[in-house]
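Summary of the model geometry
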Amino acid sequence: ALPGNVLKVLVSAGDSIAEGDVIAVVEAMKMETEIKSPKAGTVQSILVAQGDKVVSGQALVTLG
């Protein structure tokens, strides 16, 4: 993920997601960027909330 602020988290714990599904929207440098899942799986936990600041490489969710 890019450094910026979390605008929206689009998944919940227990959701099944596919590779490429949008899991969150981050605002960085006044641009909204969709963060996509790198792999398919089930969302185990959400590690960020709307309004959180995030940095490059930070995990946003855990998948199982």
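In what follows, the structure referred to is the one given above.
In this report, the structure presented in the accompanying data block is examined. The numbers attached to residues start from 1 for each chain and follow its sequence in the written order. Residue-level local features of this predicted model are given only where pLDDT is at least 70; pairs of side-chain atoms are given and counted only at 80 or more, and the full residue set underlies all totals for whole chains, interfaces and linings. For the side-chain quantities, the full set of heavy atoms in the structure was used; hydrogens and water were omitted.

We treat two strands as partners when DSSP finds at least two bridges between them. Only DSSP runs of H or I with at least four residues qualify as helices, and only runs of E with at least two residues qualify as strands; both kinds are numbered from the N terminus onward. Taken in spatial order, the four strands of this open sheet run β4-β3-β1-β6, and their pairing is antiparallel. Edge positions in the sheet fall to β4 (31-36) and β6 (53-54), since each has one partner strand and no second. Here strand β1 (residues 4-9) runs beside strand β3 (residues 22-28); their pairing, made up of four bridges, is antiparallel. Its bridge partner lying in β3, Val-6 is registered against Val-26.

A few words on the sheet that holds strand β5 (residues 41-46). Pairing in this open sheet of three strands is antiparallel, and the strands run β2-β5-β7 from one edge to the other. Of all strands in the sheet, those bounded by a partner on one side alone are β2 (16-17) and β7 (61-63). Pairing of β2 with β5 involves two bridges; the strand directions are antiparallel. When the sheet's bridge partners are listed, Ile-17 is paired in β5 with Gly-41.

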